[in-house]
Structure formats: C-alpha cells, structure tokens
Amino acid sequence: MAEITGDQRVQEEVLEGLATAVNHRRWFVELALPYLGDNPIEIGSGLGDYAIEWAPFLERFTATEADPDRLIALKERLSDEPAIEVRQMLLPTNEQGDYSAAVSYNVLEHIEDHVGALRSMRGLVRPGGAIVLIVPAFEFAMGPADIATGHVRRYTKKTMRAALDEAGLQVETLHYANALGLIGYYMATNVFRLMPKEGPMVKVYDTLVLPVTKAAERVVRPPFGQSVFAVARVPA
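Right, let's walk through the structure included here. (Residues numbered from 1 in each chain as written. Predicted model: local features only at pLDDT ≥ 70, side-chain atom pairs only at ≥ 80, totals over all residues. Heavy atoms only, no water.)

## Some thoughts on the pattern of salt bridges
Side chains that differ in sign of charge can pair as their charged atoms come close. Short version of the rule: Basic side-chain nitrogens of Lys or Arg form a salt bridge, by our definition, when they fall within 4 Å of a carboxyl oxygen of Asp or Glu. Only protein chains enter the calculation, and the probe is 1.4 Å; a residue is then buried if its accessible area is under 20% of its type maximum, exposed if over 50%, and partly exposed in between. Elements are defined by DSSP. Helices are runs of H or I of four residues or more, strands are runs of E of two residues or more, and each kind is numbered from the N terminus.
What the rule picks out here adds up to 11 salt bridges. When the shortest N-O distance is used, the salt bridge between Glu 65 and Arg 70 registers 3.5 Å. With respect to burial, Glu 65 and Arg 70 carry one shared label: buried. A salt bridge links Arg 233 to Glu 172; the shortest N-O distance between them is 2.6 Å. Linking Arg 233 in strand E7 (residues 227–233) with Glu 172 in strand E6 (residues 170–177), this pair joins segments that are 61 residues apart in sequence. Each of Arg 25, Arg 26 and Glu 53 takes part in one network of salt bridges that share partners.

## Some points on the pairing of strand E3 (residues 84–88)
The condition that has to hold: Note on pairing: two strands pair once DSSP finds at least 2 bridges between them.
As paired strands, strand E2 (residues 61–65) and E3 are joined by 5 bridges and run parallel to one another. Each residue of the ladder has a partner; that of Phe 61, found in E3, is Ile 84.

## Comments concerning the packing of aromatic side chains
Defined as follows: Stacked, tilted and edge-to-face pairs are distinguished by plane angle, under 30 degrees for stacked and over 60 for edge-to-face with tilted covering the rest, among Phe, Tyr and Trp rings (Trp via its six-membered ring) whose centres lie within 6.5 Å.
Counted according to the given criterion, the structure contains 10 aromatic pairs. Ring centres 6.1 Å apart and planes at 35 degrees place the aromatic pair Trp 54 and Phe 61 in the tilted group. Here the two residues Trp 54 and Phe 61 agree in accessibility, since each one is buried. Aromatic ring contacts, followed pair by pair, group Trp 27, Phe 28, Tyr 50, Trp 54, Phe 61 and Tyr 105 into a single cluster.

## Structural notes on unusual backbone geometry
For residues other than glycine, phi is negative in most cases, and the peptide bonds are mostly trans. The omega angle of the peptide bond from Leu 91 to Pro 92 is 0 degrees, so this bond is cis rather than trans. The residue Pro 92 is located in the loop between E3 and strand E4 (99–105) in this model. Unusually for a residue other than glycine, Phe 138 sits at a positive phi of about 70 degrees. Summarising the element assignment, Phe 138 is placed in the loop between strand E5 (125–136) and helix H6 (144–148). Residue classification places Phe 138 among the buried residues on the basis of a relative accessible area of 15%. Residue Asn 178 is not a glycine yet carries a positive backbone phi of 70 degrees. Secondary-structure assignment places Asn 178 in the loop between E6 and helix H8 (179–191).

Don't take any of this as a statement about function, it's just geometry.
Here it is in structure tokens:
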C-alpha cells in the first residue's frame, strides 16, 4: 500500500531551506521546460515553488501533494494562480489521464515501489508525452538527512535507466547534474551531520558556486552529480 514516508516536520524545514536557493531552482526549472507540453501534472509539488515558476509558460498546470496538511498549504499558496489546479495524489495509483507530461522532482526516492510509481505516471500521460524526473544521486551519499526525510534509495544513471525500462518507458535523456553540489552535500550531511536548511551555507553556494557549475555543465556533462535528471517517453 502507498504511504507517506519520512518526518514531515523535517521535510518542511528542508523544503523551506531549498526555497531560498533561487538559482538552483531556476536551473532545474529550465531543464524541464522543453518537455512539459501544454498541460503537465507535477507529482509532489511540496510548497509549490516549481509550479509557480513553470505556470507562466503553460496553458494549464496541475500541482499535486500527498500529505494532507501540505496539500492545504499548497492550495492556499496557489489560490491566486488561475492556470494551476491543485489536487491530492499519492503514488502508485490506478488513475488514468491525458496529461502532456508528468514532472516529479525529488519524490521518487521516497517511494518504496518506485517502478509502480513510474507506471502510474505513465498511465497519467498521453502517448508520446514525457516523464521528467530529478532524483538524488549515488548511494554513498545516503546519510542522516536522507533517512530523516524519508529517502529509501539514491540513484545512478544505470539504476534510473533500469527503473524506467522496467516501467515500460522509453529513455530520451539521462544525465547527472550539479557535480559540485554532490561534494558539498556529502560534506555537509555526512561529515558535519547538518541538515540542508536555510542558512548562509545554502546562500553562498547558490549565489557563488551554482552559477559556475551550471555554466560548466552546459558545456560538458559531468560523470557524477548531486542529482540524476531523466526524461522518458510514454510509448506511442
């Protein structure tokens, strides 16, 4: 049975901290935009930061959240966004849809049956549409922050491809992102045992390091990264 994992309070603190990393968010917003189509659904919208960034570029957008309390907060925050519908969704699900894409950032690693979740996304998207994912990379980086927020795994390109293949999806794009972020995350969470919350470390990285990393990775794809970015297609 599907369930919500992790300490919800800790998850809220992490989401609030990441919300201050504006350059990081805009980079990941740009990565997904070419694949979203006219009417995508986001699985696990959290505080709605990505939904707000994507909505101006789209005719319609559906934001979803599994946690009931967070869903209420999400509806309140997005109430003035006429193009955005907000609803509850917990994967895996048998629901079928006709969305142009399903986008899910840092959610799949929370779901025990991740292949079932990918199959659910496939069922929500029309043939030829895209499944757009970002997940945390490399099991060696699994630490207290991952466990507290409910991560059950981290990925490599190989394991991400295997899950997409098993779900019956056709891989289009698969690469690591934010190479320097992996080093910083490992040091902060595994060595110094810190949580990725709002603070000077996040601000300094987002302001000074992230723009350099982004520019470099536009030229050369790194062999490792803090995240795996994946795009797969629903078979026509």
